[in-house]
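# Understanding the architecture of this molecule
Listed below are the residues making up each chain.
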Amino acid sequence: MAIQQIIFIGLLAVVIWLASRSYGQILRNIRLGKPSKLEGERMVRLRNVALIAFGQQKMFKRIIPALLHLCVYVAFIFTQIELIEIIIDGSIGSHRLFAPLLGGSYTIVINTIEVLSILALVATLLFLWRRNIMRLTRFEKPEMAGWPKNDANIILLGEIVLIIGIFMMNGADGLLQALRPSEYPATGTLWLSSVFANSFFGGVEVSTLIIIERIGWWLHILAVFGFFLYLPISKHLHILLGFPNTYFARNTPKGMMSNMPEVMNEVRSMMGLDPDNGSDVSAEIPEFGAKDIVDLDQRHLLAAYSCTECGRCTSVCPANLTGKKLSPRKIMMDVRDRMEEVGDKWSDHLIEEKSNGKVERRFDDGRSLFDYISAEEINACTSCNACVEACPLLINPLDIILELRRYEILTRAAGPAEWMPMFTTLENSGAVWQVAAERDDWTNDLKVER
Amino acid sequence: MKKLFVLSKDFPNGGGPELLFWVGCAGSFDPRAQKVTKAFVQILQAAQVEFAILGNEEQCTGDPARRAGNEFVFQMLALQNIETLNMHKVKKIVTTCPHCFNVLKHEYPPLGGHYEVMHHTQLLASLLQEGKLQIEGGRFDGQVITYHDSCYLGRANDVYEAPRSIVNHLDGALVEMKRSGSKGLCCGAGGAQMFKEDEPGSKRINAERTEEALELNPDVIAVNCPFCLTMMTDGLAEKDKQEKVMVYDLSELIVKQL
């Protein structure tokens, strides 16, 4: 067994072990939320995955970033073929195993990957330009300062390294095929990488070419390994979670708020109507709405991990556009940050409580989502659904904002002072304004024919 | 004008017209929105559509309470309304308020209230389409009309075409704002913002939206919601344009041409 093969297998094992830990942590964190009720048909959900995640349908509301993103996305999908080959080659010590197996189609596949890689490279450079030189407004909001901005740039630079790796590897390989045909199986002409090879290392000695090919190969796979292990701490996790997120996304009309059966039943019994399903009204004062991530649906937590911080939501938010503190993207980022904090602290802050002879465990570190999101932010929301409409991945920041408001009003009894008289008037007179008039007074001055 | 039926007064033993007109708080109490209510009534009668109202039995649907986060007040109002509607065996509802429309349509069924719910622009569009409503035309000749999508009719319920088809029945030119349809910008009133001051910021949302509309030099800003009506009217007043540009509900545009 060659040394490279041993190193590769060892490295692969380490990567798998590390990934199972970090991805396992993500799954555990998502499960901290309440199980989501999936409404709507399975076929509709699958169609959403096909059209919105796989087909990028909603990206095309903004054509320029959609086309650039498409280049990177298609290149990413196609490069998986080469990646599978690299992993097999690395594990069993073969070289370009697929070349003799696929024959002419191998040439087509690799040439396609190379063309897509160049397109992805152009797109990546333009993305870097948009973020760092053009400084598009949506990338410059306060929540993007520091790590989020660096995170985006790290990913883009990583992509460039990956693409350079591909061209070093394929370019040197093409030259070696002519010099050492027994060790380097023919791939057919790879147009782009042969141009690359001839201009950068044409006429280089065989021993050097062999090293260049290896450096390219290792650069490629190390970039992929690094990428894979980096995703769990990056906004770029959307390349994996975007798919499940569109499947689990809420499927009901956007204007519909979730019902709260526990409140409904309490009000029903208060009004002398039978509680809906005979469930008893609990004596202890329950907490309503969401205070922390454990009160949110799992689908909201999955959505927070799926958010790639593109800011389309924030760029159309009427509150944000008029200078208010609310930014729907920040809501998603805060949910993720808090989720990771809770996940990290979980076992250190579990409190055991005995109730009815049963021991219940609950997490309490003295903090909550409200340490991340201020009342000023959630109170600025007009519930207009622009953020929901804008998200290419069906993320719904509005649902989270409204759950936080429910906590603010129902459990904390806080909220904007002007809303309190509104609630009182609604309760007492059934009208949203305090008025002396009767509801049908407007009919009085109608000129009715007798 | 013909007699207006009130379910509890005119049909205490059931029966009555198939269609209920849900007037809403704004339509009942706000002087400007009352004009919309009356315009709509006049159109329904002109088109010989039989309908009734709930009168004093109607209460707020609970929309602002629910969106502010107060589920208790919402449930109280909603359950009382559902009691009333079910007692009168109401099957079909039309309303001039997209917030009422959204709540009646989507949020009452889980509470036991199942009705066929229409927004008035949908009903008006189909009356015009079917020729049951005849308009003279000519009143808006050569005028520029821009249409402002309300969030709860537009994005929340994907109703974009019906209101536009009404404008197309008039003779004015429909000119779209940059942000329209599913990209329409909120007037600033939704989510119970109508009933509180804006959070600190650089400007009011209605100012932002009004400026966008004014870029088109319109004669009329057409709306479908009593709260958008208030917000856009206030926005124009702030810019001192209330003499030049008029804000009308779509039903008011029709009533001017009956």
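Residues numbered from 1 in each chain as written. Chains lettered and ligands numbered in written order. Predicted model: local features only at pLDDT ≥ 70, side-chain atom pairs only at ≥ 80, totals over all residues. Heavy atoms only, no water.

Moving on, we get to the environment of A:Leu46. Residue and element names in this part refer to chain A. Positionally, Leu 46 belongs in helix H2 (residues 42-54). Residue class for Leu 46 comes out partly exposed when judged on its relative accessible area of 38%. For the pair Leu 46 and Gly 366, spaced 320 residues apart in the sequence, the C-alpha separation amounts to 40 Å. (Helix = DSSP H or I, 4+ residues; strand = E, 2+ residues; numbered from the N terminus. Buried < 20%, exposed > 50% of the residue type's maximum accessible area, 1.4 Å probe, protein only.)

Our next topic: the sheet that holds strand S4 (residues 92-95) of chain B. In any sheet, the strands associate via hydrogen bonds between backbone groups, in a parallel or an antiparallel arrangement. Residue and element names in this part refer to chain B. Pairing is parallel across the open sheet formed by five strands, whose spatial order is S1-S3-S2-S4-S5. Looking at which strands have only one partner, the edges of the open sheet turn out to be strand S1 (5-6) and strand S5 (116-119). For strand S2 (residues 19-22) and strand S3 (residues 51-53), the ladder comprises two bridges, and the chain directions are parallel. Note that in S3 the partner of Leu 20 across the bridge is Ala 52. Sheet strands touched by helix H7 (residues 120-129): S2, S4 and S5. Its angle to S5, the strand with the most contacts, is close to 80°. (Pairing = 2+ DSSP bridges. Contact = heavy atoms within 4.5 Å. Axes fitted to C-alpha atoms, helices over the stretch in contact; angles between N-to-C directions.)

On the chain B side, the residues contacting the 63 residues of chain A number 71 residues. Carbon and sulfur atoms make up 66% of the surface buried where chain A meets chain B, a total of about 5900 Å² over both sides. Of all residues in chain A, the largest losses of buried area upon contact with chain B belong to A:Trp433, A:Arg439 and A:Trp442, amounting jointly to 15% of the total for that side. The interface formed by chain A and chain B contains five salt bridges. Put simply, B:Lys9 and A:Asp440 hold a salt bridge, and the shortest N to O gap is 3.5 Å. Within the residue set of the side of chain A that touches chain B, elements represented by two or more residues are helix H10 (261-270), helix H13 (318-321), helix H15 (375-379), helix H16 (386-390), helix H17 (397-411) and helix H18 (419-429) of chain A. The element that contributes the greatest number of residues to the side of chain A that touches chain B is H10(A), accounting for six residues. Partitioned by chemical class, the residues of the side of chain A that touches chain B number 35 nonpolar, eleven polar and 17 charged. (Buried area = accessible area lost by both parts, 1.4 Å probe. Salt bridge = Lys/Arg side-chain N within 4 Å of Asp/Glu carboxyl O. Nonpolar A, V, L, I, M, F, W, Y, C, P; charged D, E, K, R; others polar.)

So, on to the domain arrangement of chain A. Often the size quoted for an interface is simply the accessible area lost on bringing the parts together. Residues and elements named next belong to chain A. Parsing chain A into structural domains produces domain 1 (3-30 + 62-246) and domain 2 (288-429). For domain 1 and domain 2, the distance between their C-alpha centroids amounts to 37 Å. Contacts between domain 1 and domain 2 engage 25 residues on the former and 29 residues on the latter. Carbon and sulfur atoms supply 52% of the area that domain 1 and domain 2 bury against each other, a total of about 2200 Å² over both sides. Linking domain 1 to domain 2 there are one salt bridge. Among the ionic pairs, Glu 143 bridges to Arg 329, the shortest N-O distance being 3.1 Å. Here domain 1 is connected to domain 2 by 14 residue pairs in polar contact (both at pLDDT 80 or more). Of all the elements, helix H9 (residues 238-248) adds the most residues to the side of domain 1 that touches domain 2, at six residues. Residues belonging to the side of domain 1 that touches domain 2 are distributed by class as follows: twelve nonpolar, eight polar and five charged. (Domains from an automatic or database assignment. Polar contact = N/O pair within 3.5 Å; in protein donor to acceptor, adjacent residues only side chain to side chain.)

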